[in-house]
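# Observations on the model geometry
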Amino acid sequence: MSMNFTKKAVLTLSALLLAAPATLAQGLNNLRIMAPAAPGGGWDQTSRSLQSVLQDEGVVKPVQVFNVPGAGGTIGLAQLYNAKGDGNLLMTMGLVMVGAIQTNNSKVDLSRVTPIARLTGEYEVIVVPTSSPYKNTADLVAAWKANPGAVAFAGGSAGGTDHMLVGLLARAAGVDPKKMNYVPFSGGGETLAALLGNQVAAGVAGYGEFEAQIKAGKLRAIGISAPKPQPGIAVPTLKSQGYNVDLANWRGIVAPPGISASEKATLVAALDKMHKTKAWKDTLKTRNWTDLYMSGSKFDVFLKLEAVRTKGILQDIGLVK
Amino acid sequence: MPDPVPHSAAVPSSRPSISIPDLLVALGVVLLGLLLLIGSNQIATSGMNTVVGPKVFPLIVSVGTLGLGVLLTIGVLRGHRAEPATEEDTDPNAPVNLASPGLILGGFLLGTLLLQPLGFVFGTAIMYFTVAYAFGERRYGLIAGVALVVALITYLLFTRGLGLTLPAGILKGIL
Amino acid sequence: MDAITSLFAGFETALTPINLLWALVGVTLGTLVGVLPGIGPALTVALLLPVTAKLPPVSAFIMFAGIYYGGMFGGSTTSILLNTPGESSSIITALEGNKMARKGRAAAALATAAIGSFVAGTIGTMLLTFAAPAIAEIAVQIRPEAKFSLIMLAFVTISATFGGSPLRGLISLFLGLCIGLVGTDLQSGQARFTLGRPELLDGIEFVTVVIGLFAIGETLYVASRLRKDKASVIKLEGNAHMTREDWRRSWKPWLRGTALGFPFGAIPAGGAEIPTFLSYTLEKRLTKHPEEFGKGAIEGVAGPEAANNAAAAGVLVPLLTLGLPTSATAAILLAAFQQYGLQPGPLLFVTSPELVWGLIASLYIGNVMLLALNLPLAPVWAKLLLIPRPFLYAGILVFSTVGVYSLNNSVFDLVLLAIFGVIGYGMRRFDFPVTPAIIGVILGPTAESFFRTALQQSNGDYSTFVRQPLSAFILFIVALSLIVPAVLKARKQPVVSG
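Residues numbered from 1 in each chain as written. Chains lettered and ligands numbered in written order. Predicted model: local features only at pLDDT ≥ 70, side-chain atom pairs only at ≥ 80, totals over all residues. Heavy atoms only, no water.

## A few points about the overall build of chain B
Selection criterion: Runs of E in the DSSP output that reach at least two residues are strands. Runs of H or I that reach at least four are helices, and both are numbered from the N terminus. Accessibility here uses a 1.4 Å probe with only protein chains present; expressed as a share of the type maximum, an area under 20% marks a residue as buried, one over 50% as exposed, and anything in between as partly exposed. Contacts: residue pairs with any heavy atoms within 4.5 Å of one another. Areas reported as accessible are Shrake-Rupley estimates using a 1.4 Å probe. Residue values count occlusion only from the protein chains shown.
For chain B, the count of helices and strands is five helices and zero strands. For chain B, the succession of helices and strands along the chain, N to C, is α-α-α-α-α. Within chain B, the fraction of its 175 residues that count as buried is 44%. Counted over contacts in chain B with a minimum sequence separation of 6, partners at least 24 positions apart contribute 63%. In the structure as shown, chain B presents an accessible area of about 8,400 Å², 70% of it carried by carbon and sulfur atoms.

Structure (structure tokens):
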């Protein structure tokens, strides 16, 4: 680290000390972030980006990231429960974990953890092969309604975000979600292969996974799950096509259960500060992550609603009783 | 690794006795097949539209295991017996010594148990020590020294070199 | 040619001192992690992602490519010397390679693996340079029906190839299939055989099974009947290097292995394992020294090693041209591209030609570096076997343990490792070959997934397996290889005993 860097860090720190109430400065000099997934995945990358911004901008020092992979993050969640009351621990999580808790019949859920903030997200896109007769979502839905089993959708594993989106679209389009033909693949690569090989009617994944093929004209994007058009993405929203579907594969941060109100306030304030830095904005830009920041009581409410909604979708698809 | 000698050769016609250990293994395979069959039937089916449900492959595998187990049992009852694998470091004529593998296993589980409270270095050093001891090394000081050095180097290689997190245990703060 | 001018420009990028240095760092690191069981190139690249965010993309990818190829080279070393495969693609190498090493020919085995890897890597890279887009277009057309049939072919050949009798080989294979069933079913989201343990929801890591059955099982077994009379070290006899005879017996397997490996790498979910199995079976059939197979036949090292390196090059074809990752490492490399805001795929050659061609050029350079690094190292590595047995086996056990533990930081995995160790001991004691079990663990879940995907895509039409020409053809070969030996056997001797 250069001199310049340290100086900058000291300056930001002192600014923070002057501006913030006493609680803010306390207790946050040794933060640990758990990524409940293996290195390289979305939660791991989110945790590590968070770590570098928090450290480099001098919001918290030092920050350590560790991985507890397994079972859609629910193994990490169980460990978070064991760390009850630890105000220096955070865990990255997201929609996938909300779903995994349901599909895995996890003994622990998110009702007792301390929500801190929602950070980023990615919208889902529905694509068809270029040679497909379907030009838009209405074409696809018409064929789907006529014979739900004959229109195969490729996407990620059963109960994941991709599957949820197809379930939501089925409901919005008036197709019985239990009759739809969803072909799960273990990774975005295999979904892509099935599409490029014309083996399925349509495919679903996060926009980033298909972006290159969409731009190169190898796949045709017919709808994106965003509530409103996204800058730089020339794909019509599903809403604009008359299907009331809105789904983001969001990622957020929670703390262990049982931490004090002031500890929670300190963590929320640190993330609020982190969110405002230029370094974080740059990270979002290079990683192509959509900023879905939301913290404090808003995120508390969102998390509760999302748990209810997810359970409903999974019941619709027939994965959860 | 397998012994290329066909085992029918291992059964002299003058001794048509049944090998009890072989029989137990064969019945073990049958039991595994049965347990799998029961387990396969307990798999919940989801309400999803799946052409081939989650039970089909487990059923195929359990029926296959069961069938193979029955074939193996029949073979054993006819007097077939398995020839233990021969390897460069093993002596087929040496009396079978179950104390050494038992010791290694015990040391391994002890090391596993202590991995988190004592830390990675001591946990793996215990494993190293018991294996070397079970293989007949009796220079205790030497084994202990090598065990600690190997464990320490491995620890540093993985944590410093690759950035993995391994439990530091009682050495926390020193390493 | 367009490709040639681009390639030269690529060499200009890759041959700058700083990029050469990164390539060297990459291949060294790759060789090192390949040698360590459990830690593979995928995990290494994943762990290095944050570190390299500060490097320019070209340098970072040159290093990653070095790690990737290096891991493939290094994986064979542990297989040959310690009978502990570092990577799934080096399992087959252990079969003959370790027997060679035990006969004092470790250096020759390591040399044929290194040269074979170099030959396959270079040919694979050339195919990548000149034919990538065409190959990728064909590869995505391979349907799950055909992939399922291919695995059936692998199962049939494997159960006939390994073990004293097909029955014991099959039992071992089915044991592997059983292990592979554990975990959440991808297609329906239902838990299977998890015994209520959340740790088992993701299935059992194949590394845990491999290391348990191979390394721990072998340690327990050797300890139970230790040879006391002979010297406690393996003799390094003459012929440390490859003799003329070795060369003569190696070059064809290298080329055949390459021909098998490259297309499998390019096929989505093809993987590096199946071609190594097929290459081994092929060499066993074609060899003029069938009596040496199972006792250290050099063809059995040369072919599979070439196959896995060719597959490694093949994996880059769909990754670079279509943005399609076909292996775990490729998926991590894709994440690395995205970290730099780049999208591999058809546009990458247009938007970042410097990066792509620099990367491809660095693959040639990396291969040369790996050969230069590994050939002189072969006799040095071989000296590892001079370590007295108590220390050698203890060392194997500790390295294996770290590899397994660091995957999930979980003590539960170590308990599983001990269980598989005991199973591995029992398999050796009761004459069950270990390799088919491993193959079952790797290919079982894939076979199931292809089977169900094929039927799901066709909405339940079972005839899809024989209506696909490629799939029908492979199934025909499977049927032949089942029927022909049985008929021949029945003609020779009327009574067939199991």
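That shown, we press on.
## Remarks on the confidence of the model for chain B
The predicted structure's coordinates, where accompanied by low pLDDT, should not be read in detail. Let me state the cut-off plainly: Per residue, pLDDT captures the predictor's confidence, and it can take any value from 0 to 100.
Per-chain confidence: chain B averages 82 in pLDDT, with 87% of residues scoring 70 or above. Ignoring residues within four places in sequence, the model shows residues 1-14 of chain B, a span with pLDDT below 50, making 27 contacts including any to other chains.

## What to know about the pairing of strand β1 (residues 31-35) of chain A
Residue and element names in this part refer to chain A. To be explicit about the condition: In this description, strands pair whenever DSSP reports at least two bridges between them. Here the term right-handed applies to a crossover when the path leading from its first strand over the helix to its second strand runs clockwise, the strands being oriented away from the viewer.
Of all the five residues making up β1, four are buried; the element is thus mostly covered by neighbouring parts of the structure. Of the strand pairs in this sheet, β1 and strand β2 (residues 63-67) are connected by five bridges, and their pairing is parallel. Across the sheet, Ala35 pairs through a bridge with Asn67, a residue of β2. Handedness of the crossover is the feature at issue here: the chain leaves β1, passes through helix α3 (residues 42-56), returns alongside β2, and the resulting connection is right-handed. Relative to strand β3 (residues 89-94), β1 is paired through three bridges, and the arrangement is parallel. By the bridge assignment for β3, Ile33 is matched with Leu90.

## Some details on the environment of Glu448 of chain C
Within the secondary structure layout, Glu448 of chain C lies in helix α17 (residues 435-457). Along the sequence, Glu448 of chain C and Ala372 of chain C sit 76 residues apart, while their C-alpha atoms lie 42 Å from each other. The residues contacting Glu448 of chain C, other than those within four sequence positions of it, are Phe57 of chain B together with Leu181, Asp185 and Arg192 of chain C.

## Brief notes about the interface of chain C and chain B
Interface size is often expressed as the accessible area that is lost when the parts come together. Keep this limit in mind: Summed over both partners, the accessible surface that disappears when two parts come together, traced with a 1.4 Å probe, is what is meant by buried area. Salt bridge, as used here, is a side-chain nitrogen of Lys or Arg placed within 4 Å of a carboxyl oxygen of Asp or Glu. Any pair of N or O atoms that falls within 3.5 Å is considered a polar contact. Within protein, one atom must be able to donate a hydrogen and the other to accept it, and sequence-neighbouring residues count only if both atoms are side-chain atoms. Under the scheme applied here, ten amino acids are nonpolar (Ala, Val, Leu, Ile, Met, Phe, Trp, Tyr, Cys and Pro), four are charged (Asp, Glu, Lys and Arg), and all others, including Gly, are polar.
On the chain B side, the residues contacting the 79 residues of chain C number 76 residues. A combined buried area of about 7,400 Å² lies between chain C and chain B, and 73% of that area is made up of carbon and sulfur atoms. Counting across the chain C and chain B interface gives zero salt bridges. For the pair chain C and chain B, the interface holds five residue pairs in polar contact (both at pLDDT 80 or more). Within the side of chain C that touches chain B, the residues separate by chemical class into 46 nonpolar, 17 polar and 16 charged.

## Topic: α17 of chain C
Residue and element names in this part refer to chain C. Just so we agree on the cut-off: By this rule, a helix spans an expected 1.5 Å times one less than how many residues it contains. Here the bend at a residue is taken as the angle between two axes, fitted respectively to the seven residues that end there and the seven that start there.
Taking 1.5 Å of rise per residue, the 23 residues of α17 would be expected to cover 33 Å, and the 33 Å separating its terminal C-alpha atoms lies within 8% of that figure. Of all the bends in α17, the greatest, near 35°, is centred on Leu443, and the proline Pro445 appears no more than four residues after it. The buried count for α17 comes to 21 of 23 residues, which makes it a mostly enclosed element. Trailing α17 by a residue or two, Asn459 shows a phi angle of about 55°, which is positive.

## What about the nonpolar core?
Selection criterion: Put simply, a nonpolar core is a bunch of buried Ala, Val, Leu, Ile, Met, Phe, Trp, Tyr and Cys residues held in one set by side-chain atoms that sit within 4.5 Å of each other. In this document the domain limits rely on a domain assignment from an automatic tool or a database.
Counting 158 residues, the largest nonpolar core has Leu77 and Trp144 of chain A together with Phe64 of chain C as its most contacted members. Three or more residues apiece are contributed to this core by two domains, here domain 1 (3-120 + 251-306) and domain 2 (122-241) of chain A. Not counting residues up to four positions away in its chain, the partners in contact with Trp144 of chain A are Val151, Phe153, Val166, Leu169, Ala170, Val175 and Met180 of chain A. Within the second largest apolar cluster, 69 residues are counted, among which are Leu95, Phe412, Leu443 and Phe450 of chain C.

## Quick word on unusual backbone geometry
Positive phi, normally seen in glycine, also occurs at Asn105 of chain A, with a value near 50°. As for its position among the elements, Asn105 of chain A is in the loop between α5 (95-103) and β4 (114-129).

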